[in-house]
Amino acid sequence: MDAIEMDLRRRRVLHALDVQKQSRVAVAQRFAVSNAWIGKLACKRITNGLDNDANKAAVFVHRNLAKDTTTEQAYQFLGAALGRYCPDKMPILDQAAQQ
């Protein structure tokens with residue numbers, strides 16, 4: 001898959017998640033995305049300023065993981081995603097913890 005196709009796919013997935021408010025399960029089935037991809041998208045949203053703090057990023061993650069996921073699990077997932085895919089963004093978790 002070339003860069004243009006990947007960018008178009010990313011845009012379609014984000015549109016389905018953010019605008020159409022489709023569940024992660026529906027999006028995963030439609031676009032064949034994994035939880036790892038949700039983690040990568042969370043990093044991209046933070047980097048692009050769409051989610052400018054850990055609370056907003058955790059809401060995005062929580063909304064797109066399995067329905068029985070707790071808020072604590074969403075933050076754990078976010079921490080793991082940041083540590084793996086964008087470790088330079090880890091300080092936003094520290095900022096959230098201090099609030």
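To be clear, the structure that these remarks concern was listed above.
To start, this report covers the structure provided alongside it. (Residues numbered from 1 in each chain as written. Predicted model: local features only at pLDDT ≥ 70, side-chain atom pairs only at ≥ 80, totals over all residues. Heavy atoms only, no water.)

Brief notes about the state of the cysteines
Part 1 of the argument: Inspection of the entire model under this criterion finds one disulfide.
Part 2 of the argument: Bridging Cys-43 to Cys-86, the disulfide has an S-S length of 2.1 Å. In this structure the cystine formed by Cys-43 and Cys-86 twists about its S-S bond by roughly -75°; its chirality is therefore left-handed. Residue Cys-43 is located in helix α3 (residues 35-47), and its partner Cys-86 is located in the loop between α5 (71-85) and α6 (91-98); the two are separated by 43 residues in the primary sequence. Of the two residues, Cys-43 and Cys-86, both sit in the buried class. (Disulfide = S-S within 2.5 Å. Helix = DSSP H or I, 4+ residues; strand = E, 2+ residues; numbered from the N terminus. Buried < 20%, exposed > 50% of the residue type's maximum accessible area, 1.4 Å probe, protein only.)

Re helix α4 (residues 54-64)
Part 1 of the argument: Listing the buried residues of α4 in full gives Ala-54, Ala-57, Ala-58, Phe-60, Val-61 and Asn-64. Mapping the buried residues of α4 onto a view down its axis gives an arc of 155°, with all of them on the same face.
Part 2 of the argument: Put simply, Asp-53 is the residue that caps the front of α4, since its side-chain oxygen is 3.0 Å from the backbone nitrogen of Asn-55. (Arc of directions from axis to C-beta. Polar contact = N/O pair within 3.5 Å; in protein donor to acceptor, adjacent residues only side chain to side chain.)

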